[in-house]
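# Remarks on the overall topology
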Amino acid sequence: MNKKLTKKQEMIRSQLMLRAVVWDIFKIKDEDEYRLKSELESFGVPVIQMQKQTERNSSGEKYERAAACLVELGILEKEALLITEDNDMADYAYRQRDTNGCYGMGVVCYETETSRNDVSADMIVLGFEEIGIQFLDRVLKRRNGAPWNILYTERTMVREITLEDLDELYALYDGEGITDYTEPLYERQKEEAYTSSYIAYMYYYYGYGMWIVRDRKTGALVGRAGIEHRDIGNEVLMELGYLIGKQYQNKGYATEVCEAILAYAKEEIGINELHCFIHPDNHASLHLAEKLGFQMAEQFDSEKEELMHLRMHLR
């Protein structure tokens, strides 16, 4: 690595699935390409530069050359991402997931003026201005069914849920007072089916949802937090949700995590407004929402409504 990484960057590096990038682009040479390659190399992710294809080389031959380079580096194909402007190469590489024992590389296709819109790829990009190592790592993780690491705070890491988290979640929900104002988990079989569907649809299509919060030092489950959808009449509102385990309450964890999620919602997802729906007896949650900057959205009528509605503008 050419430069010393910060503590946050070291944490990101330790969580990367991406171990190599195969670069198969020749039509652009700009500062964004240089920046991205430099960032990858600074994180210890080698960039394998492909040679320009001749008429005598098939996409299969070119792919096998790239795969051979990965073998020399001791890297599996499923740990590598191909970035290509060649539609035929993208199509060939994308099909390897069905025939290759290591599941093939992930595929990012750089779309040019002559590119087909129906090219097979895990992601199609028009340029590299806003693309960095975490973006590429997330493309590869989604392609391999691995959870995204969403953000890091001083004491926690927030990531997508997996089925392996369920045992600890059941223990969390068994804690004193945890389900006083929130729904309990389903019975095991139904919860597993729900979680699998949630991963496949909510995370895949929206890129956000309710996440797992873990202690950065110990890996212990701290709680859950994230952004969900709530149907209100004909509207779908973006709702901030949070649940912190008993042993971590009154220690600032909820504030720390929720403040980071608010920043993520604004800067990474582009959300303009978030909402909270809180039972009037849940004083701790109401206090946190107000501390975060949420304000009452409408007059609360206890005879007609069970939950208090709070709103926060992010822009």
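Residues numbered from 1 in each chain as written. Predicted model: local features only at pLDDT ≥ 70, side-chain atom pairs only at ≥ 80, totals over all residues. Heavy atoms only, no water.

On to a negative patch on the surface, then. A cluster of acidic side chains, namely D30, E31, E129 and E130, defines a negative patch on the protein surface. Along the chain, D30 turns up in the loop between β1 (20-24) and α2 (31-42). (Patch = residues over 30% accessible without salt bridge, like charges linked within 9 Å, V, L, I, M, F, W, Y side chains within 5 Å. Areas by Shrake-Rupley, 256 points an atom, 1.4 Å probe, with all protein chains shown as cover. Salt bridge = Lys/Arg side-chain N within 4 Å of Asp/Glu carboxyl O. Lys, Arg positive; Asp, Glu negative; His and termini not counted. Charge placed at Lys NZ, Arg CZ, Asp CG, Glu CD. Helix = DSSP H or I, 4+ residues; strand = E, 2+ residues; numbered from the N terminus.)

Taken as a whole, the largest pocket encloses approximately 1,700 Å³ of empty space. Lining of the largest pocket is provided by 50 residues; of these, Y181, T182, Y242, L243 and N282 occupy positions nearest its centre. For the lining of the largest pocket, the secondary structure elements donating two or more residues are α6 (166-173), α7 (188-206), β9 (221-232), β10 (235-244), α8 (253-269), β11 (273-278) and α9 (283-292). Among the residues forming the lining of the largest pocket, the class breakdown is 24 nonpolar, 14 polar and 12 charged. Quantified by volume, the second largest pocket comes out at close to 1,300 Å³. (1 Å grid on protein atoms, 1.4 Å probe; cavity = no way out; pocket = protein on both sides within 12 Å on 5 of 7 lines; lining within 4 Å. Points joined across faces, edges and corners; volume = space filled by probe spheres on them. Nonpolar A, V, L, I, M, F, W, Y, C, P; charged D, E, K, R; others polar.)

Attention now goes to the packing of aromatic side chains. Using the criterion set out here, one finds 11 aromatic pairs in the structure. With a centroid separation of 5.7 Å and an interplanar angle of 70°, the aromatic rings of Y186 and Y194 are classed as edge-to-face. Residue Y194 is classed as partly exposed on the basis of its relative accessible area of 39%. What links up through ring pairs into an aromatic cluster is the set Y186, Y194, Y198 and Y203. Above the plane of the ring of Y94 lies R97, whose end atom (NZ or CZ) is 4.1 Å from the centre. (Phe/Tyr/Trp six-rings, centres within 6.5 Å; stacked < 30°, edge-to-face > 60°. Buried < 20%, exposed > 50% of the residue type's maximum accessible area, 1.4 Å probe, protein only. Lys NZ or Arg CZ within 6 Å of the ring centre and 35° of its normal.)

In sheet architecture, strand pairing relies on hydrogen bonds along the backbone and comes in two forms, parallel and antiparallel. Pairing is parallel in the open sheet, where five strands are placed in the order β2-β1-β3-β4-β5. Edge strands, defined here as strands with exactly one partner in the open sheet, are β2 (47-49) and β5 (123-125). In this sheet, adjacent strand axes meet at a mean angle of 20° when their direction is disregarded. Sheet topology places strand β3 (residues 80-84) next to strand β4 (residues 106-110); four bridges connect them, and they run parallel. Within the sheet, the bridge partner assigned to I83 lies in β4 and is V108. (Pairing = 2+ DSSP bridges. Axes fitted to C-alpha atoms, helices over the stretch in contact; angles between N-to-C directions.)

What follows is about empty space enclosed by the protein. Inspection of every chain in the model, using the stated rule, returns one cavity of 30 Å³ or more. In this structure, the largest cavity occupies an estimated 60 Å³ of space. As for the largest cavity, its lining consists of I12, Q15, L16, Q134, D137, R138, K141, W148, N149 and Y152. Mapped by element, the contributors of at least two residues to the lining of the largest cavity are α5 (133-143) and β6 (149-152).

Per-residue confidence for the protein chain gives a mean pLDDT of 90; residues scoring 70 or more make up 93%. When mean pLDDT is taken per element in the protein chain, strand β8 (residues 210-215) scores highest with 97 and helix α1 (residues 7-14) scores lowest with 86. (pLDDT = per-residue confidence, 0-100.)

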